[in-house]
Amino acid sequence: MTVRSLVSSPIRRAAPGDAKHWPGVAFMAVLFFAYVYLPIAVLIALSFNANELVTIWSGFSIDWYVKALQNEEMLRAAKNSLIIAVVAATASTALATLAAVRMARDRFVGQSAMNVMIALPLTVPEIVTAVATLMFFAMVGITQGLITVMIAHTVFCIPFAYLPIRARLEGLDPKLIEAAGDLYATPGKAFRKVTLPLIMPGIISGAVLAFIISLDDFVTTFFVGGAGSTTLPIYIFGLIRVGVSPEVNAISSIMLLVSVALVSLSLLLGRGRGQTQHR
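Basis of the calculations
Residues numbered from 1 in each chain as written. Predicted model: local features only at pLDDT ≥ 70, side-chain atom pairs only at ≥ 80, totals over all residues. Heavy atoms only, no water. Helix = DSSP H or I, 4+ residues; strand = E, 2+ residues; numbered from the N terminus. Buried < 20%, exposed > 50% of the residue type's maximum accessible area, 1.4 Å probe, protein only. Areas by Shrake-Rupley, 256 points an atom, 1.4 Å probe, with all protein chains shown as cover. Phe/Tyr/Trp six-rings, centres within 6.5 Å; stacked < 30°, edge-to-face > 60°. Axes fitted to C-alpha atoms, helices over the stretch in contact; angles between N-to-C directions. Parallel < 35°, antiparallel > 145°, perpendicular 65-115°, else oblique. Left-handed = near helix turned anticlockwise from the far one by under 90°. Nonpolar A, V, L, I, M, F, W, Y, C, P; charged D, E, K, R; others polar. Contact = heavy atoms within 4.5 Å. Polar contact = N/O pair within 3.5 Å; in protein donor to acceptor, adjacent residues only side chain to side chain. Core = buried A, V, L, I, M, F, W, Y, C linked by side-chain atoms within 4.5 Å.

Caption draft 1: Expanded view of the overall build of the protein chain. Summing up its helical and strand segments, the protein chain has 12 helices and zero strands in all. Buried positions account for 31% of the 279 residues belonging to the protein chain. As presented, the protein chain carries roughly 17,600 Å² of accessible surface, and 70% of it is formed by carbon and sulfur atoms.

Caption draft 2: Quick look at the packing of aromatic side chains. Per the stated rule, a full pass over the model turns up 10 aromatic pairs. Geometrically, the ring pair formed by Phe32 and Phe33 is edge-to-face, given 5.2 Å between the ring centres and 70 degrees between the ring planes. The partly exposed category is assigned to Phe32, whose relative accessible area is 49%. For Phe33, a relative accessible area of 46% corresponds to the partly exposed category. Every member of this aromatic cluster is reached through a ring pair, and the members are Phe218, Phe222, Phe223 and Phe237.

Caption draft 3: Quick look at the packing of helix H4 (residues 72-105) against helix H7 (residues 146-170). Where H4 contacts H7, the axes come no closer than 6 Å and their chain directions differ by 40 degrees. In terms of orientation, H4 lies oblique with respect to H7. For H4 against H7, the interelement crossing comes out right-handed. For the contact of H4 with H7, a count of residues per class yields 21 nonpolar, six polar and one charged.

Caption draft 4: The packing of H7 against helix H9 (residues 187-216), seen in detail. Following both chains from N to C, one finds H7 and H9 inclined at 150 degrees, their axes separated by 8 Å at the closest point. As for how H7 packs across H9, the hand of that crossing is right-handed. Two secondary-structure elements touch here, H7 through His153, Phe156, Cys157, Phe160, Ala161, Pro164, Ile165, Arg168 and Leu169 and H9 through Thr195, Leu198, Ile199, Pro201, Gly202, Ile203, Ser205, Gly206, Leu209, Ala210, Ile213 and Ser214. The residue inventory of the contact of H7 with H9, partitioned by class, reads 14 nonpolar, six polar and one charged.

Caption draft 5: Representation of the environment of Pro159. Within the secondary structure layout, Pro159 lies in helix H7. Residue classification places Pro159 among the buried residues on the basis of a relative accessible area of 2%. Placed 38 residues apart in sequence, Pro159 and Pro121 show a C-alpha to C-alpha distance of 7.1 Å. Apart from residues no more than four positions distant in its own chain, Pro159 is found in contact with Ile118, Ala119, Pro121 and Leu122.

Caption draft 6: Seen up close, the side chain of Asn49. Position of Asn49 relative to the elements: it lies in the loop between helix H2 (25-46) and helix H3 (63-69). The exposure class of Asn49 is buried, given its relative accessible area of 0%. Side-chain polar atoms of Asn49 contact the backbone nitrogen of Ser58, separated by 3.1 Å.

Caption draft 7: Representation of the environment of Trp57. Examined against the element boundaries, Trp57 turns out to sit in the loop between H2 and H3. Note on Trp57: relative accessible area 48%, which makes it partly exposed. C-alpha separation for the pair Trp57 and Leu46, spaced 11 residues apart in sequence, amounts to 7.7 Å. Those residues in contact with Trp57 that lie beyond four places of it in its chain are Ala45, Leu46, Phe48 and Asn49.

Caption draft 8: Spatial organisation of the nonpolar core. Core analysis: the largest hydrophobic core is formed by 22 residues, its most contacted members being Tyr162, Ile165, Leu169 and Ile199. Of all the secondary structure elements, the ones that give two or more residues to this core are H4, H7 and H9. Of all the elements, H9 adds the most residues to this core, at eight residues.

This is how it looks when you write it as structure tokens:
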């Protein structure tokens, strides 16, 4: 639509059912976003409080960030979180990619039920999954520790990695795969040269989402973790049991910054790949 057509076209009158005619919609929207994001903004602001008492502001300081980054126990917990998140994100994304490609390639009996099974952990309360996983490890005699947390996180993160990949495959033109076959490409080569590059933005998004979910997970880790498997959320939980301090706010702000940076990186990579493909 050109600028001329926009100018010459009649102005559409808002229908009575439009959102701006609903009383209080704008106010409720502002109230909702304030409820969600205002506590986060307050947490970040109080992380720079020089006073040990969180609720009393006495000046700007970054000492709590320095203290948090010099805390050996916190660094050990952060290292465990990163190791678990990297392993869980890698394994869950690989499994989710195989599942999504298989589900999108062929139609078979029970496919709808299989889709529901894959997405089921998203709807089931996490505590139910955590307790069931704990019972499974107890039945097979696996000692709780870092390995059990990795396995549990991998299983829990599969649906989060699966959905972006499956969505990318749904938008993929099947004629591209057929064209690769017409050019004598084997199914494996067609997947490596055609399908994989086209769905890479979905794979990256799924991997980043799985990484963030694993990094921030508390319930599953709390139930299936053991000695030596303390993660950053578990460590923060232990700190707030004796009271919230600016150090906890600093650690939480760092985790928030990492999560926002990863999501932004995923969006930028996906947008860049999409622009390259369009060219």
